[in-house]
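So you can see what is in the structure, the chains are spelled out below.
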Amino acid sequence: MITVKHLYKSFKSHEVLNDINCTIHDGEVIVIIGPSGSGKSTLLRCLNLLETPTRGSIIIDEQDITNQKVNIDQVREKMGMVFQQFNLFPHKTVIKNICHAPIRVKKMKRGDAEQLGMDLLSKVGLRDKKDVYPITLSGGQQQRIAIARALAMQPTAMLFDEPTSALDPEMVSEVLAVIKDLAKEGMTMVIVTHEMGFAKEVGDRILFMDGGQIVEENTPEELFHHPQHARTQNFLSKILH
Amino acid sequence: MRRSKIKVVRWISIAYVEFIRGTPLLAQVYLVYVGLPMLTQLNIPDFTTGAIALTIHASAYISETMRSGIEAVPYGQSEAARSLGMNSRRTMLDIILPQAFKNILPALGNQFIGNIKDSSLVSVIGIAELMYETTTVRGTTALGLEPIIVCSLIYLVLTLTLTRLLTFIERRLKSSDHR
């Protein structure tokens, strides 16, 4: 379980997150939506400390990860992250992209890691791409590899930062399909996305953010069909046609 | 070091690089030749003095080349590595440096070729390197042009060999660039 309490983040004088409070239960899929600059990505990046919060606490399984004494590398091992820009390692083949961290960080045996890597490649439907370099792959394929790479660390939760925003439209569905499968398996996930249909389908709970605050949170049905706040209504009216 | 989080370390490295880049190599060679024995009170062989001067000179340039190479690797690479639980050292060694090295190889090649040619300057402190010998040969044989041509050809052979080698390495490292 992840609990965020009174989280603030500012870049210089610009306040990006302003008193964020939320709880993510095990096995839950949280989708964060909201306009650009509302702090969605920053909140997500705070959850594995790619951004250091200015104030407040993030408690993961009773451990406050904002505490200086916490070994952040160990926290990140259990928290997979998928980026908008994929960020595959261009100098490594697909299988090495996936196996590198399990071998080097978790000290997994090479054979075991490769077995796990192949299983994950099957899962994302790219078994035959094992030995190619990332540059030869389409955006959708690269993102599926990036998901497999994050899963190879066998995380307890996954963070997705606009995973389909850099993709050509016809490749969006293949990536979303992989994420939906993960949701069915009960993976705890926090997803920042602009794909509203997907948010509605996969999310257990939707958080609507604006101006660095969580304006409204509810089940997909309630939030999309009966938004309570004016700002949510305004946002949804602009994107749902 | 210039990328260090510690201010003093950063200042020292900036001062060092700026000094070396801003003064002629010839002056630096003399500075080491005259200054080093005075500072250390040791009798340092000429060859070592020359080598030290060239090393100090080249390392300032190479450090800048490496810095640019490291900074040219997209920030997302380091974020991706860290998010997989790799610590900063592991990230630098396994993810950033291999990509940075590939970025800077052409510049590094230029640097090495420059180093070979710069080494001719240490003849001024009496080290019997190629340029020094050329002058000797010119003096003893009274030939004007020929020794210089021979000398230049030898330099050319040295640099061309190096260029070939670098091209070979570059091509091998490019294997991940092809579609």
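Residues numbered from 1 in each chain as written. Chains lettered and ligands numbered in written order. Predicted model: local features only at pLDDT ≥ 70, side-chain atom pairs only at ≥ 80, totals over all residues. Heavy atoms only, no water.

1. Quick look at the side chain of A:N87
The test is simple: Numbered from the N terminus, helices here are DSSP runs of H or I no shorter than four residues, and strands are runs of E no shorter than two. Whenever two N or O atoms come within 3.5 Å, that pair is a polar contact, provided that in protein one can donate a hydrogen and the other can accept it, and provided that, for residues adjacent in sequence, both atoms are side-chain atoms.
Note that A:N87 resides in the loop between β6 (79-82) and α3 (94-104). Here the side chain of A:N87 touches B:G76 through a polar contact of 3.2 Å, landing on its backbone oxygen.

2. Points about the pairing of strand β2 (residues 14-24) of chain A
Residues and elements named next belong to chain A. Here is the rule we go by: Two strands qualify as a pair provided that DSSP identifies no fewer than 2 bridges between them.
The pairing of strand β1 (residues 2-11) with β2 spans seven bridges and is classified as antiparallel. Following the sheet pairing, S10 is matched in β2 by E15. Between β1 and the antiparallel strand that follows it, β2, lie two residues; K12 among them carries a positive phi value of about 50°.

3. Quick look at the pattern of salt bridges
Applicable threshold: The salt bridge criterion pairs a side-chain nitrogen of Lys or Arg with a carboxyl oxygen of Asp or Glu, the two atoms within 4 Å. Burial classification: accessible surface area is computed with a 1.4 Å probe over protein chains only, and a residue below 20% of its type maximum counts as buried, one above 50% as exposed, and the rest as partly exposed.
Within the structure shown, the criterion is met by 18 salt bridges over all chains. For A:E51, the salt bridge is made with A:R45, and the minimal N-O distance between the two is 3.0 Å. Across the pair, A:R45 and A:E51 agree in class, each one buried. Sharing partners across several salt bridges, the network here consists of B:E18, B:R21, B:E64, B:R67 and B:E71.

4. What to know about the nonpolar core
Formally: Definition of nonpolar core: a set of buried residues of the types Ala, Val, Leu, Ile, Met, Phe, Trp, Tyr and Cys, connected through side-chain atoms within 4.5 Å. A contact between two residues is defined here by any heavy atoms of the two lying within 4.5 Å.
In this structure, A:I33 and A:I147 are the most contacted members of the largest nonpolar core, which totals 51 residues. Residue contributions to this core peak at seven residues, all from helix α6 (residues 169-184) of chain A. Discounting residues that sit within four places of it in the chain, A:I33 has contacts with A:K40, A:T193, A:M196, A:A199, A:I206, A:L207, A:F208, A:M209, A:L223, A:F224, A:F235 and A:L236. Listed in part, the 44 residues of the second largest apolar core include A:I30, A:M81, A:V190 and B:A80.

5. Some details on the packing of helix α2 (residues 25-40) of chain B against helix α3 (residues 46-72) of chain B
Residues and elements named next belong to chain B. What counts here: To get an axis, a line is fitted to the C-alpha atoms, and for a helix only the part in contact is used. The angle between two axes follows their N-to-C directions and goes from 0 to 180 degrees. Angle categories are assigned with fixed cut-offs, so that under 35 degrees is roughly parallel, over 145 is roughly antiparallel, 65 to 115 is roughly perpendicular, and the rest are oblique. Note on convention: the crossing is left-handed when the near helix lies turned anticlockwise from the far helix by less than a right angle, right-handed when the turn is clockwise. The nonpolar class holds Ala, Val, Leu, Ile, Met, Phe, Trp, Tyr, Cys and Pro. Asp, Glu, Lys and Arg form the charged class, and all remaining residues, Gly among them, are polar.
Their axes nearest at 9 Å, the elements α2 and α3 cross at an angle of 135°. The angle between α2 and α3 falls in the class oblique. The handedness of the crossing between α2 and α3 is right-handed. For the pair α2 and α3, the contacting residues are L25, Q28, V29, V32, Y33 and L36 in the first and D46, T49, I52, A53, L54, I56 and H57 in the second. Looking at the contact of α2 with α3 residue by residue, the class counts come to nine nonpolar, three polar and one charged.

6. Some details on the environment of A:T136
With respect to the helices and strands, the residue A:T136 is situated in the loop between α4 (110-123) and α5 (139-151). A polar atom in the side chain of A:T136 sits 2.7 Å from the backbone oxygen of A:Y133.

7. So, the sheet that holds strand β7 (residues 157-161) of chain A
Residues and elements named next belong to chain A. Sheet architecture is open: six strands sit in the order β6-β7-β8-β3-β9-β10, paired in mixed fashion. Only two strands of the sheet have a single neighbouring strand rather than two, namely β6 and β10 (213-218). Sheet twist, expressed as the mean angle between neighbouring strand axes with direction ignored, is 20°. For strand β3 (residues 29-33) and strand β8 (residues 188-192), the ladder comprises four bridges, and the chain directions are parallel. Each bridged residue has a counterpart across the sheet, and for V31 the counterpart in β8 is I191.

8. Description of the packing of aromatic side chains
All names here are of chain A. This is how the line gets drawn: Aromatic contacts are taken between Phe, Tyr and Trp rings whose centres are within 6.5 Å, Trp giving its six-membered ring; a plane angle under 30 degrees counts as stacked, one over 60 as edge-to-face, and the others as tilted. Think of it as a cone above the ring: NZ of Lys or CZ of Arg counts as a charge over the ring if it is within 6 Å of the ring centre and within 35 degrees of the ring normal.
Counted according to the given criterion, the structure contains one aromatic pair over all chains. The interplanar angle of 40° and the centroid separation of 5.1 Å between the aromatic rings of F208 and F235 together place this pair among those described as tilted. You can see F208 sitting in strand β9 (residues 205-210) and its partner F235 sitting in helix α9 (residues 230-239), a full 27 residues away along the chain. F235 shares its class with F208; the two are buried. The cationic tip of R149 hangs over the ring face of F89; the distance from NZ or CZ to the ring centre is 4.4 Å.

9. Quick look at α2(B)
Owing to its 3.6 residues per turn, the α-helix brings residues three or four apart onto one side. Residue and element names in this part refer to chain B. What counts is decided by this rule: To estimate how far a helix should extend, the number of its residues minus one is multiplied by 1.5 Å. Note on bend: at a given residue it equals the angle between the axes fitted to the 7 residues ending there and to the 7 starting there.
The first and last C-alpha atoms of α2 sit 21 Å apart over 16 residues, in line with the 22 Å expected at 1.5 Å per residue. For α2, the principal kink sits at V34 and spans about 25°; a proline, P37, occurs within the next four residues. Residues of α2 that are buried: L25, Q28, V29 and V32. Where the residues of α2 are buried, they touch α1 (7-22), α3 and α5 (88-118). Following α2 by one or two positions, Q41 adopts a phi angle in the positive range, close to 60°.

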